[in-house]
Amino acid sequence: MPDEYLDVFLKDEDFMMRDMIRSFVDKEIMPVRQQIDDDKDHVIVRRILQGLTDLGIQKSPFPPEYGGMGAKSAVSACILHEELSRGDSGICTACNVTTWAWIPAIAANNQAVLDRFAPEFTGKDLRMGCFSMTEPGGAHGGGGCDIENVNLHAKKLRTKATLEGDEWVINGHKMWASSQGVADLYAVVCTTDPNLGDEGVAIIYVPKETKGVTFGKDEHKAGMAAEKNHSMYLENVRVPKEWRAAGPGVDAELLHNNFVIGRLVSAGMAVGQAQAAFDTVLKYTGDRIVADRPIRQHSIAAGMLADMAIGIETARWAYLAAAWMYDHPEKYGAPTSHYMLSRGTIAKVHACEVAVSVTNKAMELMGSFGYVREYDVEKYWRDCKMIQLWEGGAQLGRLDVCRGYYDLKL
Ligand SMILES: Cc1cc2nc3c(=O)[nH]c(=O)nc-3n(C[C@H](O)[C@H](O)[C@H](O)COP(=O)(O)OP(=O)(O)OC[C@H]3O[C@@H](n4cnc5c(N)ncnc54)[C@H](O)[C@@H]3O)c2cc1C
């Protein structure tokens, strides 16, 4: 069968990276995948993440002068996410959220942050980053999606950063962020004044050991055990003023850029999970005989397998096309435009619906064996649901799709 990735979108180096990650997943993740849910202290998880660091994933987005490879392509990032999520989407998240946290400082070419922290992240040892944006909701709303709703212009952000002399003083409460509590460095999304809206957004880098930073309990999730999500409390946390990513207005653009890239790679993750479940069910339904023939030779099952394939292929084409647009701003405009937010969100919303449906149908076709750990389909089912819920979920997602077509007021 021809390659599933269209070579109109991929460069030779993307295929090479795909092959490298695919063989890593087969060798290092597949054999231990079922143990990850029970790996409470992350002994296995950290070993795998160190293996990915050895492959150069951690340092790849950093500029060459800091020891990185200057990787910027959204297409490459999506493929990396699809391939890793075929193994374990929690591992994929824990590995790549570090890049997500670093993108604002790298895009802004913030020398102070790069000089201070990049050498650790481009070295041989595993270092983890966290993009701490989400906050709890309050009695009057806010938190969660209200922070990601571009129409609310960051007016619901509550984590406050105040400039005192040469330092930022930060107070606030963050929750849900991937690797929060275990990461070494945090890109904390703050506001200097919620009334300023987008002009008040300040993305400020805070190392884990900073005085005033504490962490609460780890959330007990249905899946994605390879990434931890402790609450984070910031009480009079002081860091140098140069550790703000850029400045008024620009930090909001950097935040919006992270929304778009986050949704694109989420689409890649969802497709990876759906593909893995599909591979499993295709084999299982070829082997198991019911009413005198393999399950997949029954037309009712063939129709379901066809729907899965239609979903997976169209979802992969959609994210590749949207990521390619992101990589060509000269033709499709700024990555932070409503147009690109809409395109990235189309890819994510569609891919997540496909993954939730494929894993669900795969379980049905495998009967009881779809529901046991042995075949991993139930794991993909648990894990992919999370991808649908984060980054604005399917409902705010739909509103963001509309923003690419008209001035939606919601
Ligand atoms: C495993 C995991 C990893 C995560 N990783 C990160 C991370 O790395 N960094 C980070 O900052 N956050 C992270 N999050 C947080 C995540 O992005 C948010 O939880 C998510 O965007 C939605 O917020 P919420 O869960 O509070 O839902 P809510 O905001 O309460 O939304 C609930 C429902 O309301 C809908 N909704 C929202 N706005 C509207 C609207 N205007 N109109 C109609 N419906 C609407 C939503 O789509 C959803 O269906 C993570 C969460 C989890 C569980």
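Residues numbered from 1 in each chain as written. Predicted model: local features only at pLDDT ≥ 70, side-chain atom pairs only at ≥ 80, totals over all residues. Heavy atoms only, no water.

Chemist: How would you summarise the site of the ligand if you had to cite specific residues and measurements?
Modeler: Taken together, 23 residues lie around the ligand, and Phe131, Thr134, Cys145, Glu148 and Gln395 are the ones closest in. Interatomic distance of 2.8 Å between a backbone N/O atom of Phe131 and a nitrogen atom of the ligand. A distance of 2.6 Å is found between an oxygen atom of the ligand and a side-chain nitrogen or oxygen belonging to Gln395. Across the complex, the protein chains shield 71% of the 990 Å² of accessible surface that the ligand would expose by itself. Counting only elements with at least two residues in the shell around the ligand, the list comes to α4 (89-107), α6 (144-148), α11 (377-389) and α12 (393-403). Taken together, the residues of the shell around the ligand break down into 12 nonpolar, 7 polar and 4 charged. (Near = heavy atom within 4 Å. Polar contact = N/O pair within 3.5 Å; in protein donor to acceptor, adjacent residues only side chain to side chain. Areas by Shrake-Rupley, 256 points an atom, 1.4 Å probe, with all protein chains shown as cover. Helix = DSSP H or I, 4+ residues; strand = E, 2+ residues; numbered from the N terminus. Nonpolar A, V, L, I, M, F, W, Y, C, P; charged D, E, K, R; others polar.)

Chemist: Any details on the pattern of salt bridges? Residues and values, ideally.
Modeler: A side chain with one charge may pair with a side chain of the opposite charge, provided their charged atoms come close. Under the counting rule described, the total for this entry stands at 31 salt bridges. The salt bridge involving Glu83 is made with Arg86; its shortest N-O contact spans 3.7 Å. Of the two residues, Glu83 and Arg86 are both situated in helix α3 (residues 74-87); the distance of 3 residues between them amounts to about one turn of the helix. A relative accessible area of 2% means that Glu83 is categorised as buried. A residue is classified by how much of its surface remains accessible, and Arg86, at 14% relative accessible area, is buried. Where Glu120 meets Arg116, a salt bridge forms, and the shortest distance between an N and an O atom there is 3.3 Å. With a gap of 4 residues between them, Glu120 and Arg116 both fall in helix α5 (residues 111-121), about one helical turn apart. The network of salt bridges with common partners includes Glu4, Arg22, Asp26, Glu83 and Arg86. (Salt bridge = Lys/Arg side-chain N within 4 Å of Asp/Glu carboxyl O. Buried < 20%, exposed > 50% of the residue type's maximum accessible area, 1.4 Å probe, protein only.)

Chemist: If you had to explain the packing of aromatic side chains to someone new, which residues and values would you point to?
Modeler: Under the defined criterion, the tally for this structure stands at 11 aromatic pairs. Between Phe62 and Phe121, the aromatic rings sit 6.4 Å apart at their centres with planes inclined by 35 degrees, giving tilted as the arrangement. Taken as a pair, Phe62 in the loop between α2 (43-54) and α3 and Phe121 in helix α5 lie far apart in primary sequence, 59 residues in all. You'll find Phe62 and Phe121 in the same group, each marked buried. Taken together, the ring pairs in this structure connect Phe62, Trp102, Phe121 and Tyr205 into an aromatic cluster. Cation over ring: Arg316 sits above Tyr5, and NZ or CZ is 5.5 Å from the ring centre. (Phe/Tyr/Trp six-rings, centres within 6.5 Å; stacked < 30°, edge-to-face > 60°. Lys NZ or Arg CZ within 6 Å of the ring centre and 35° of its normal.)

Chemist: I'd like a rundown of the nonpolar core, residues and numbers included.
Modeler: Residues Leu52, Trp102 and Ile170 are the most contacted members of the largest nonpolar core, which totals 123 residues. The greatest single-element share of this core, amounting to 18 residues, is contributed by helix α7 (residues 250-287). For Leu52, the contacting residues outside a window of four places in its chain are Ile21, Phe24, Ile57, Gln58, Leu84, Ile91 and Cys95. (Core = buried A, V, L, I, M, F, W, Y, C linked by side-chain atoms within 4.5 Å. Contact = heavy atoms within 4.5 Å.)

Chemist: I'd like a description of the state of the cysteines, backed by residues and values.
Modeler: The final tally for this structure, using the stated rule, is 0 disulfides. Here Cys130 is not cross-linked by a disulfide; its sulfur's nearest cysteine counterpart is in Cys190, at 12 Å. No disulfide involves Cys145; its sulfur sits 13 Å from that of Cys352, the nearest cysteine. Judged by relative accessible area, which is 35%, Cys145 ranks as partly exposed. (Disulfide = S-S within 2.5 Å.)

Chemist: Talk me through the domain arrangement of the chain; I want residue IDs and the actual numbers.
Modeler: The domains assigned to the chain are domain 1 (12-127), domain 2 (130-243) and domain 3 (250-403). Computed from C-alpha coordinates alone, the two centres of domain 2 and domain 3 are separated by 29 Å. Taken together, the contacts link 17 residues of domain 2 with 21 residues of domain 3. Summed over both sides, the interface of domain 2 with domain 3 buries roughly 1,500 Å², with 68% coming from carbon and sulfur. Among the residues domain 2 hides against domain 3, the three largest losses belong to Glu148, Val150 and Met224. Together they make up 40% of the total. (Domains from an automatic or database assignment. Buried area = accessible area lost by both parts, 1.4 Å probe.)

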